[in-house]
Amino acid sequence: MIRSPSNSVLVTLMLAALLTLLAVDVATLQPNRIVAGEGYSLRAIMGLDGLLLSLLPFMFATWLAWFANARRYVVIVVILLVYWVSWPWGMSLFAQAMIEPGQQAARVGIGPGLWVLLFLLLLMVLEVQTRLGMPHLGRWLLWSAILVSVAVPFWSGVLNDLALVREYQGNADDFAAALQYHTLLVGAVVVISLTLAVAMALAMRSHDGLKRSVFAILSVIQTIPSLALFGLLLAPLAWLSSQFPLLADLGVQGIGWAPAALALIGYSLLPMTRNTYVALDSIDPNVTEAARGMGMSRWQVFFHVRLPLALPVIVEGIRITSVQAIGLAAVAALIGAGGLGTFVFQGLGQAAMDLVLLGAVPIIVMAVLVDMALSGLAAVCRRGVANAEP
Amino acid sequence: MSVRRSNMRLILWGLMLTAAVLVIPHLDVLFRLWLPDAREVIYRRDSFVSLLGNHLAIVTAAGLIATLLGVGAGIAVTRHWGKDFLPLVAQLASIGQTFPPVAVLALSVPALGFGTLPTIIALVLYGLLPIVRNTLAGLQGIDDDVMEAARGMGMSSLQRLWQVELPLSSDIILAGIRTSVTINIATAAIGSTIGAKTLGDPLIAGIVNGNGAYVIQGAIVIALLALCVDSLFERIGCALPSYDQGRI
């Protein structure tokens, strides 16, 4: 793979990044929270000399990509990381230069050019990582470094004048609560649907007719849009809570956490049950037969043979379900279920874009992190299975 | 599923959708029983027919563009001249799918503003991913022997694409388009929070004003639309060249 002399992908991405930096505003200055900011191009901020100087390493990286080999890829990745690490500090300098001490409400924002650049940088790192054929551990270290290098300036106060950080500071308590609530809702949904899925998968193995009807019902639920399912649960739940005061005391209502949790479980059941069923069903009967022959009891066979063999596929089901539930829980904010989606829809309602970002960006980060962690876990389980086989 | 059964399903959901859209505005009395104190129990700011039309137009436009771009990209990166881009595109398609659609929709607002067009663009961007992913899976899943045989018969690369590769992977590509459209119907409903006129309007209005009747009306029509479109895809699947022969 490394042998190919020029990496046209990297060169294309890099040229696109260079053009973006030359043509599109990288930062904005806002007098207050709602007013749209005034854009600044990189050239306006740094002057022509500064612009060329700051792009010089990047052009060097482009040249390296044109004549790529393994060692040059390493240099390229280092240059890319330097750019990735330095943007928050550049933003901080920009804020210091532009905002006078008295302007309490003024703030700086990330301009469209910088968003595009950051996206392209990540794509470039992804491309280099693939070309280098990095091992799992290396990838983890690389992406952790990428995450930490952005998180540190955010927490350390360097970016205190950034609009997103201002928005966070204004909502710090609510944010912590929303994050916790979002995690709790998703966690509870995943645990409950996993339990139900295992029970249903086991029942379906002994009743074939059950299998067809359960999957038919679950796939109809999966097809119904989330907003509609939340809506359809409103009337029945409102009726239940009016009939049974105990439920009302628990907070079960037409809106709020109850319809959100119910709908989320409904959506989670299809991927979870399908994977669990497939996992348990695809085990070679000879293997369990042999285990029985060795004198294992039914329970021992289940816990020592069946479950370990089925685990990778089940974990895969948990991954799909969790990622899906993180997104759907955000929609549930519309029906008053709380969580990070609250910021998104509040921000949309007030046309406060940084509040939208404060909700949407953590939701995406959460989904990607959970996806990475659980696919890592699935890989570990699979390796365990592979090692156990003769 | 047999052709007959999928026909029945499509007709059933289609009739129910049509009935719902036409009948709901006349169910004043019924909803009055449930909410005797509400000022208005039928959503009348727009007719359900026009909302349905708008919703369908947005989803169709986004679906067509995403299909053209997605299948195009999938074909491009599996050709000899585009294969450098294959690893990146494949990874992007699978990582991008972990992004929740509602977050992508929300992020389109700072970038593009409120309205119908930003909604369509967000739907296209998100809808591309499953289509690209499935196109890649379909094209790469074709047996090398089949391609070898096609080459041996003297087919040109374009002929191979049209007569061998695309027909053999049509079911997987269709499944990708189906996933994409299903997600987009749901996301378009949420699009009414960013200013697109869709079937989400009655739902959002109902939630904001605490009017349960609006919520139910919107929810029923959206759900029926989704089921109807889903069974349409089921029916199209039966007509595909790869439907009965199965994959080689």
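Located above this text is the structure these notes cover.
Conventions we followed
- Residues numbered from 1 in each chain as written.
- Chains lettered and ligands numbered in written order.
- Predicted model: local features only at pLDDT ≥ 70, side-chain atom pairs only at ≥ 80, totals over all residues.
- Heavy atoms only, no water.
- Helix = DSSP H or I, 4+ residues; strand = E, 2+ residues; numbered from the N terminus.
- Buried < 20%, exposed > 50% of the residue type's maximum accessible area, 1.4 Å probe, protein only.
- Lys, Arg positive; Asp, Glu negative; His and termini not counted.
- Salt bridge = Lys/Arg side-chain N within 4 Å of Asp/Glu carboxyl O.
- Contact = heavy atoms within 4.5 Å.
- Buried area = accessible area lost by both parts, 1.4 Å probe.
- Polar contact = N/O pair within 3.5 Å; in protein donor to acceptor, adjacent residues only side chain to side chain.
- Patch = residues over 30% accessible without salt bridge, like charges linked within 9 Å, V, L, I, M, F, W, Y side chains within 5 Å.
- Areas by Shrake-Rupley, 256 points an atom, 1.4 Å probe, with all protein chains shown as cover.
- Pairing = 2+ DSSP bridges.

(A) The arrangement of the side chain of Arg306 of chain A in detail. All names here are of chain A. Checked against the element boundaries, Arg306 lands in helix H13 (residues 298-332). In this structure, Arg306 is buried with no salt-bridge partner, the nearest side chain bearing the opposite charge being Asp281 at 7.2 Å. Beyond its immediate chain neighbours, meaning those up to four positions away, Arg306 contacts Arg205, Leu280, Ile283, Thr288 and Val301.

(B) Geometry of the interface of chain B and chain A. Taken together, the contact pairs 39 residues of chain B with 42 residues of chain A. Buried surface at the junction of chain B and chain A, summed over both partners, amounts to about 3,500 Å²; 83% is from carbon and sulfur atoms. At the surface where chain B touches chain A, the tally comes to zero salt bridges. Along the contact surface separating chain B from chain A lie three residue pairs in polar contact (both at pLDDT 80 or more). Mapped onto the side of chain B that touches chain A, the elements with two or more residues apiece are helix H4 (86-96), helix H5 (101-112), helix H8 (157-190), helix H9 (200-209) and helix H10 (212-238) of chain B.

(C) Up close: a nonpolar patch on the surface. Residues and elements named next belong to chain A. Nonpolar side chains collect at one region of the surface, where Leu48, Leu52, Leu53, Leu56 and Met59 lie side by side and expose about 480 Å² of accessible area between them. Relative to the assigned elements, Leu48 resides in helix H2 (residues 42-66). When its relative accessible area of 42% is taken as the criterion, Leu48 is described as partly exposed.

(D) Up close: the pairing of strand S1 (residues 27-30) of chain A. Residue and element names in this part refer to chain A. Residue alternation in S1 divides its side chains into two sets, Ala27 and Leu29 and Thr28 and Gln30, and both sets are buried. Bridging between S1 and strand S2 (residues 38-40) involves three bridges; their strand directions are antiparallel. Considered in S2, the bridge of Leu29 is made with Glu38. As paired elements, S1 and strand S3 (residues 107-110) share four bridges and run antiparallel to each other. By the bridge assignment, Ala27 is partnered in S3 with Ile110.

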